[in-house]
Amino acid sequence: MTEKAPIVGPRMNDFRSLSPAVWRASTVLFDNIADFTSRKERVYDGYTYGVTGTPTTRALEERIAQLEGARFCVTAPSGQAALCQVGLALLSAGDHVLIADSAYGPLRTFAQDYLQRFGVQCETYDPCAGAEIAQLIQPHTKLIFMESPGSLTMEMQDIPAIVQAAKAAGVLTVLDNSWASPLGFQGVVAGVDIVVEAASKWFGGHSDLLLGSIATDSRALYEKFRTAQSVLGQAVSPDDCFLALRGLDTFALRYTHQCASALAVAELLACHASVTSVLFPPHPGDHGHARWAASFQGGGSVLSFVPAFQSGAQMHRFFEALQVFQIGASWGGVHSLAAYYPGTEQAKRKHCQVIGGIVRLAIGLEPVEKLALDLKQALQNAILRTD
Ligand SMILES: Cc1ncc(COP(=O)(O)O)c(C=O)c1O
């Protein structure tokens, strides 16, 4: 075979569609050898190899950057990959990192089991801390990881106070903003240096893909994240980017509906005799409500509660009785989910105020009356016997 393989070229002028094209590629073609040899110069603004993206990836990155009110965005193969990529791109041996005690568990594991092994000193801090965080900042502190509200226990962080303290000390801030999404809180606009989203949740919206995003206003940081993506081989599937782009078309509608349903569910649980506490900052009874109301424009679809019953048998009966809620982790999709986190998990944390096992609910698009009835009958079922 001496002939060049035919290239199936798109005749884009002849075709218009409402959907973005899915550009799949490992190989990227170049017009001539000069173009090829200078390809690394275009790693940030052009195309060099499939791992750093195709036009489908760029379309999603631009759309997310716009939503975040940021200049730049780099996608990652999952939310956890995005969090790890930030750490790997910015940290070196000898650096010190502060991580909210309520941050997503696998991020804390990454810090403890991987970053520490590479000589990075990782310290968890009380997620309720505000300006006092300044007392934990050391001369070698490089990053502060925030997540607000925190995973499972839902502590609201005082983001403006932490950002102010970090800026005064020349420390970079990172926010896992997956719960609120940019519709609920625009971290970059509020002065956070780096905002990470688990795009698997709200953006995808249908529990069928894994994706993450890193947004920033800083060109220098953007270049570091794009380089890390290339060197670490953090390729993102263009098909998944397409699904996230499609998910974003209905995002605002889903967000509004699911957040309203989550608040209604929180209200129901807060008045229920079998519930000790509801952890959901948009609910006025939540201890983080004032912080949420001061900075956030929207809520979330995930809430936790501590049941008054705590025996294993009662917990089993509660979950077995659920008919609309399905048992599963993750959230942000259209189906409601329930998950259980035993008290031993909370007890392992240094700064956790929540005592006992937690039920976490992810609220989907089912009619809220159906969700309410399902929860009421399952709570009733749990306390039929005390065991
Ligand atoms: C708050 C938060 N951040 C990050 C992640 C990780 O996202 P992914 O599942 O896409 O890795 C999750 C997943 O549950 C999450 O809840």
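The shown structure was predicted, so the numbers you read here are calculated from the model rather than taken from an experiment. (Residues numbered from 1 in each chain as written. Predicted model: local features only at pLDDT ≥ 70, side-chain atom pairs only at ≥ 80, totals over all residues. Heavy atoms only, no water.)

Visitor: I'd like a description of a nonpolar patch on the surface, backed by residues and values.
Guide: Residues Leu88, Tyr114, Phe118, Val231 and Leu232 make up a contiguous nonpolar surface patch of roughly 490 Å² in combined accessible area. Along the chain, Val231 falls in helix H7 (residues 219-232). Val231 gets classed as exposed once you look at its relative accessible area, which sits at 66%. (Patch = residues over 30% accessible without salt bridge, like charges linked within 9 Å, V, L, I, M, F, W, Y side chains within 5 Å. Areas by Shrake-Rupley, 256 points an atom, 1.4 Å probe, with all protein chains shown as cover. Salt bridge = Lys/Arg side-chain N within 4 Å of Asp/Glu carboxyl O. Helix = DSSP H or I, 4+ residues; strand = E, 2+ residues; numbered from the N terminus. Buried < 20%, exposed > 50% of the residue type's maximum accessible area, 1.4 Å probe, protein only.)

Visitor: A description of the packing of helix H11 (residues 312-321) against helix H13 (residues 368-382) should follow, citing residues and the corresponding values.
Guide: Relative to each other, H11 and H13 sit at 150 degrees, their axes nearing to 8 Å. One finds that H11 runs roughly antiparallel with respect to H13. Crossing angle aside, the handedness with which H11 passes H13 is right-handed. From H11, Gln314, Arg317, Phe318 and Ala321 reach across to H13, where they touch Asp374, Leu375, Gln377, Ala378, Leu379, Asn381 and Ala382. Residues belonging to the contact of H11 with H13 are distributed by class as follows: six nonpolar, three polar and two charged. (Axes fitted to C-alpha atoms, helices over the stretch in contact; angles between N-to-C directions. Parallel < 35°, antiparallel > 145°, perpendicular 65-115°, else oblique. Left-handed = near helix turned anticlockwise from the far one by under 90°. Contact = heavy atoms within 4.5 Å. Nonpolar A, V, L, I, M, F, W, Y, C, P; charged D, E, K, R; others polar.)

Visitor: Please give an account of the domain arrangement of the chain that cites residues and values.
Guide: In terms of domain boundaries, the chain breaks down into domain 1 (17-249) and domain 2 (251-382). Placing the centre of domain 1 and that of domain 2 at their C-alpha centroids yields a distance of 27 Å. Every contact between the two is made by 40 residues of domain 1 and, on the other side, 37 residues of domain 2. Around 3,200 Å² of area is buried between domain 1 and domain 2 when both sides are counted, 62% of it from carbon and sulfur atoms. It is Leu152, Trp179 and Trp202 in domain 1 that bury the most area against domain 2; as a group they hold 26% of the surface buried on that side. Counting every contact that joins domain 1 to domain 2 gives two salt bridges. Arg349 is the partner of Glu155 in a salt bridge, and the nearest nitrogen-oxygen pair spans 3.1 Å. Counting across the domain 1 and domain 2 interface gives 17 residue pairs in polar contact (both at pLDDT 80 or more). Broken down by secondary-structure element, the contributors of at least two residues to the side of domain 1 that touches domain 2 are strand S3 (121-125), helix H5 (159-169), helix H6 (181-184) and helix H8 (238-249). For the side of domain 1 that touches domain 2, the class distribution of residues is 17 nonpolar, 16 polar and seven charged. (Domains from an automatic or database assignment. Buried area = accessible area lost by both parts, 1.4 Å probe. Polar contact = N/O pair within 3.5 Å; in protein donor to acceptor, adjacent residues only side chain to side chain.)

Visitor: Give me the lowdown on the site of the ligand, citing residues and values where you can.
Guide: Taken together, 14 residues surround the ligand, and among them Gly79, Gln80, Asp176, Ser200 and Lys201 come closest. Contacts to the ligand include Gln80, whose backbone N or O atom sits 2.9 Å from an oxygen atom. At 2.6 Å from a nitrogen atom of the ligand is found a side-chain nitrogen or oxygen belonging to Asp176. For the ligand, the protein covers 90% of the area, taking 390 Å² as the surface of the free molecule. (Near = heavy atom within 4 Å.)

Visitor: An account of the sheet that holds strand S10 (residues 326-327) is needed here, citing residue identities and associated values.
Guide: Adjacent strands of a sheet pair through backbone hydrogen bonds, lying either parallel or antiparallel. Pairing within the open sheet is mixed, and its five strands lie in the order S8-S9-S12-S11-S10. In this open sheet, the two edge strands, each paired with only one partner strand, are strand S8 (275-279) and S10. On top of the sheet, helix H9 (residues 251-270) reaches S8, strand S9 (302-307) and strand S12 (358-362); it is set at about 10 degrees to S9, its chief contact. (Pairing = 2+ DSSP bridges.)

Visitor: Describe the sheet that holds strand S4 (residues 141-147), with residues and values.
Guide: Taken in spatial order, the seven strands line up as S1-S7-S6-S5-S4-S2-S3 in an open sheet, and their pairing is mixed. Across the chains shown, the open sheet's two edge strands, defined by having one partner strand only, are strand S1 (72-76) and S3. In this sheet, adjacent strand axes meet at a mean angle of 20 degrees when their direction is disregarded. One ladder, built from five bridges, connects S4 with strand S5 (residues 172-176); its direction is parallel. Directly across from Phe145, in S5, lies its bridge partner Val174. Each of strand S2 (96-100), S3 and S4 touches helix H4 (residues 105-115); the most contacted strand, S2, lies at about 155 degrees to it. Packing of H5 onto the sheet brings it into contact with S3, S4 and S5, and relative to S4 it is tilted by some 175 degrees.

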